[in-house]
Amino acid sequence: MSEPKLYPIHNHLKGKTFFTAEKYQRFYNESIENPEAFWAKEACRLDWMQPFTKVKNTSYHKEDFHIRWYEDGTLNACYNCVDRHLKDKGDQVAIFWEGDNPEDSRTITYKELHQEISKFANVLRMHDVHKGDRVTIYLPMIPEAIIAILACARIGAIHSVVFAGFSAESLEGRIFDCDSHFLVTADEGVRGGKKIPLKKNVEEALQGKAAHILKKMIVVKRTGGDIPWQEKRDFWYHEEMDKVAIDCPLEEMGAEDPLFILYTSGSTGKPKGVLHTTGGYLVYAALTHQYVFDYHPGDIYWCTADIGWVTGHTYSIYGPLANGATIVLFEGVPQYPDASRFWKIVDKYKVTIFYTAPTVIRSLMREGTDFVQKTSRASLRILGSVGEPINPEAWEWYYDNVGNGRCPIMDTWWQTETGGILISALPGVTPLKPGSATFPLFGVKPALVNHKGQIIENNSEAEGNLVLLDSWPGQMRTVYGDQERFIKTYFTDFPGMYFSGDGARRDKEGNYWITGRVDDVINVSGHRLGTAEVESALDAHPKVVESAVVGFPHDIKGQGIYAFVTLHKKEPPSESLRKELIDLVRRKIGAIATPDRIQWASGLPKTRSGKIMRRILRKIAANELETLGDISTLADPLVVDDLVKNHKYTVSA
Ligand code: WT7
């Protein structure tokens, strides 16, 4: 591999950022040598009701497994994100909301946000939602989403946000899994000029096993479209908001009380309910938002992530609002009305910090630079990237065109499970290498281990499985209702360490380069999908015997979805069946899981014990037919010839 280009620290940032290289090193060393002192000091950024006396109490060892931070402290996350700013920032804008239609916008100050949240929290209480209850939130990118989330935090209800792009069936599973009696949705969402039938999806989700679980729902009127309605179960948001008082007392929460559940795919068919708690998560969200983006008062901060993903939780809501920031919330898509939209929004609100995903950059790259160049973007200072490795071409395009070579790009590595960013450059500190997330943040102890679980000597060039040797405050605490699965998934392959499921390389300067998932998870447009989930959707079709799904390199999405499908002997493959299968997956999971390619397979490559050899399928899907590797251990090596032949038809289809 050729030496990557190195981008030194920008002169215009020198002396203006929180950190210098020396200060980073000093803080980092302290955070590793004396985590208690470091995290005690950093926790002072929040307002506590009862101060904590214990800071860190964690063990990854099976016999005595526990993760607790600030365990005897109490606080309220909503208070920290809103109430405490009222004194000197009440009239400051908290949210610039930009609608899908460029003519639609709303400005919400901290004072107004506080009122709306307090009222909605009272609505929840009026409907018997209490501390510890799970509230499912299935909303588009409208201010009410943030209001609902923080209203839950205010009264200690656990929110479970389900991405509005997920199907009715996915929603059903998530309501069922966390036994959620209450839901907040909208009549319809609007994206790219198209309507999304959210309430209708909810209705469909309630046809099955979630029917007897969900008791009530609140519906925000976004479009006024025709929707199904059930008296006594369904309530309009605006009507309920008129019935309640403006004052809403705060619930005092233990630092380790749950704040939210967010479902994410794993290598088995069933998504996991990742549980985050209150104190450690919020300390970590606020700290990383401030340091990684060098956030200062006066910055206008925009993270484009949907609130349905963890990036939307930590870096569109909790982190920036805990820091009293002004955020942009955008309802629409980057290409509507045209591919200039993002940059027009940057100019309209004078955005200074902009955080997005590589897949967005690649999709805009394809549209050409004219759409960028006709905007100013002079307000921008810091850029961010998250969700998947950013390829150097996309990095450079982002850097040169969007940032005009003035703005460093923070490539931030983290996961739903980690709560916040773990590996990232820092402005003013880190020379950048396109494609590398660079160095660990404070308190983060990454290491690379080989398949035997042995740590590959630190401070050397190496490649292996990316693990974390110690806990950090933002770490997930459990899989909701399934502690055993939590320990099995993350702490069993490599005992005593947290295993991320990612592979990584470390170069001789110590920069980390994430190489991608090493488990049966694929990353499509920065969104995580378990191959088993897609397979079980395909297998549900009566004509399908079995299927195997793998990722393959995709120009825009990073990874695309490639499905090998075996049909019953008497069923002939057809174009209409291909469409049916695609439809089925969209219905069962959502549009993000749409297979890009379906290859008919007379059989799948299996070992003699019946295990599918995905390694071979990945090679075929990637069109690396010359390097299939050893196939002699297959039960029937001839299957491979057939697959290779059929691959050509699939690709040309
Ligand atoms: C997986 C986590 C964390 C928010 C978005 C996705 C991949 C994430 C990067 C990055 C390389 C990255 C990893 C990780 N990933 N950020 N900067 N460079 N890979 O959250 O759905 O929990 O997915 O996304 O593979 O394990 P998620």
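Analysis parameters
Residues numbered from 1 in each chain as written. Predicted model: local features only at pLDDT ≥ 70, side-chain atom pairs only at ≥ 80, totals over all residues. Heavy atoms only, no water. UniProt positions renumbered as here; feature names shortened; annotations may be inferred. Near = heavy atom within 4 Å. Polar contact = N/O pair within 3.5 Å; in protein donor to acceptor, adjacent residues only side chain to side chain. Areas by Shrake-Rupley, 256 points an atom, 1.4 Å probe, with all protein chains shown as cover. Helix = DSSP H or I, 4+ residues; strand = E, 2+ residues; numbered from the N terminus. Nonpolar A, V, L, I, M, F, W, Y, C, P; charged D, E, K, R; others polar. Buried < 20%, exposed > 50% of the residue type's maximum accessible area, 1.4 Å probe, protein only. Contact = heavy atoms within 4.5 Å. Axes fitted to C-alpha atoms, helices over the stretch in contact; angles between N-to-C directions. Parallel < 35°, antiparallel > 145°, perpendicular 65-115°, else oblique. 1 Å grid on protein atoms, 1.4 Å probe; cavity = no way out; pocket = protein on both sides within 12 Å on 5 of 7 lines; lining within 4 Å. Points joined across faces, edges and corners; volume = space filled by probe spheres on them. Domains from an automatic or database assignment. Buried area = accessible area lost by both parts, 1.4 Å probe. Salt bridge = Lys/Arg side-chain N within 4 Å of Asp/Glu carboxyl O. Phe/Tyr/Trp six-rings, centres within 6.5 Å; stacked < 30°, edge-to-face > 60°. Lys NZ or Arg CZ within 6 Å of the ring centre and 35° of its normal.

The chain carries the name Acetyl-coenzyme A synthetase in an unreviewed UniProt entry, which gives Caedimonas varicaedens as its organism. Entered under Cofactor (unreviewed entry) in the UniProt record, the comment concerning the chain runs "Mg(2+)". Among the UniProt annotations of the chain, the heading Sequence similarities (unreviewed entry) holds the following wording: "Belongs to the ATP-dependent AMP-binding enzyme family."

A look at the site of the ligand
As a matter of local geometry, the ligand sits amid 18 residues, with Asp411, Thr412, Thr416, Asp502 and Arg528 nearest to it. Contact between the ligand and Thr416: an oxygen atom at 2.5 Å from a side-chain N or O atom of the residue. Separating an oxygen atom of the ligand from a side-chain N or O atom of Arg528 is a distance of 2.7 Å. Coverage of the ligand by the protein chains reaches 96% of its 550 Å² of free accessible surface. Only α11 (310-322), β20 (409-412) and β25 (512-517) provide two or more residues apiece to the shell around the ligand. Among the residues forming the shell around the ligand, the class breakdown is six nonpolar, seven polar and five charged.

Here we look at helix α7 (residues 168-177)
Among the residues of α7, those classed as buried are Ala168, Ser170, Leu171, Glu172, Arg174 and Ile175. Looking at the buried side of α7, the elements it contacts are β6 (134-138), β8 (182-186), α8 (198-205), β14 (258-264) and α18 (575-588). Remark: Asp179 follows α7 within two positions and exhibits a positive phi of approximately 50 degrees.

Section: the packing of helix α13 (residues 358-365) against helix α15 (residues 392-402)
Close contact between α13 and α15 brings their axes to 10 Å; oriented N to C, the two are set at 75 degrees. Between α13 and α15, the angle falls in the class roughly perpendicular. Counting all contacts with α13, which are made through Ile361, Arg362, Leu364 and Met365, the residues of α15 involved are Glu393, Ala394, Trp397 and Tyr398. Here the contact of α13 with α15 is composed, by residue class, of six nonpolar, no polar and two charged.

A look at the layout of surface pockets
Space inside the second largest pocket adds up to approximately 490 Å³. For the second largest pocket, the lining is made up of 23 residues, of which Ser267, Lys488, Thr489, Asp493 and Asp519 are closest to its centre. The biggest single contributor to the lining of the second largest pocket is helix α16 (residues 483-491), with four residues. Broken down by class, the residue content of the lining of the second largest pocket amounts to five nonpolar, 10 polar and eight charged.

Description of unusual backbone geometry
In this chain, Tyr336 is followed by Pro337 through a cis amide linkage whose omega measures -5 degrees. Positionally, Pro337 belongs in the loop between β17 (326-330) and α12 (341-349). Phi at Asn404 takes a positive value of approximately 50 degrees, unusual for a residue other than glycine. The residue Asn404 is located in the loop between α15 and β20 in this model. The partly exposed category is assigned to Asn404, whose relative accessible area is 41%. In this structure, Asn623 takes a positive phi of about 65 degrees despite not being glycine. Structurally, Asn623 can be placed in the loop between α19 (614-621) and α20 (638-652). Classification of Asn623 by relative accessible area gives partly exposed; the value is 48%.

Here's the deal with the domain arrangement of the chain
Considered domain by domain, the chain is made up of domain 1 (11-505) and domain 2 (525-652). Computed over C-alpha atoms, the centres of domain 1 and domain 2 are 33 Å apart. Counting from both sides, the interface comprises 22 residues of domain 1 and, opposite them, 19 residues of domain 2. Across the domain 1 to domain 2 interface the summed buried area is about 1600 Å²; carbon plus sulfur atoms make up 48%. Between domain 1 and domain 2 we count two salt bridges in total. Glu169 is the partner of Lys588 in a salt bridge, and the nearest nitrogen-oxygen pair spans 2.8 Å. Our count for the contact surface shared by domain 1 and domain 2 stands at 14 residue pairs in polar contact (both at pLDDT 80 or more). Take the side of domain 1 that touches domain 2: its biggest share by element is three residues, from α13. Along the lines of polarity and charge, the residues of the side of domain 1 that touches domain 2 split into three nonpolar, 14 polar and five charged.

A short note on the packing of aromatic side chains
Within this structure, the stated rule accounts for 55 aromatic pairs. Each ring, one from Tyr24 and one from Phe442, has its centre 5.6 Å from the other, and the planes form 45 degrees; the classification is tilted. With a gap of 418 residues between them, Tyr24 in helix α1 (residues 21-33) and Phe442 in the loop between β20 and β21 (446-449) connect regions that are remote in the sequence. Ring centres of Phe166 and Trp309 lie 5.8 Å apart, and the angle between their planes is 65 degrees; on these two criteria the pair is classed as edge-to-face. Remark: Trp309 occurs in the loop between β16 (300-303) and α11 and Phe166 occurs in the loop between β7 (158-161) and α7; sequence separation between them is 143 residues. The ring of Phe19 is capped by Lys23, whose NZ or CZ atom sits 5.0 Å from the centre of that ring. The ring of Phe27 has Lys41 sitting right over it, with the charged end atom 5.5 Å from the ring centre.

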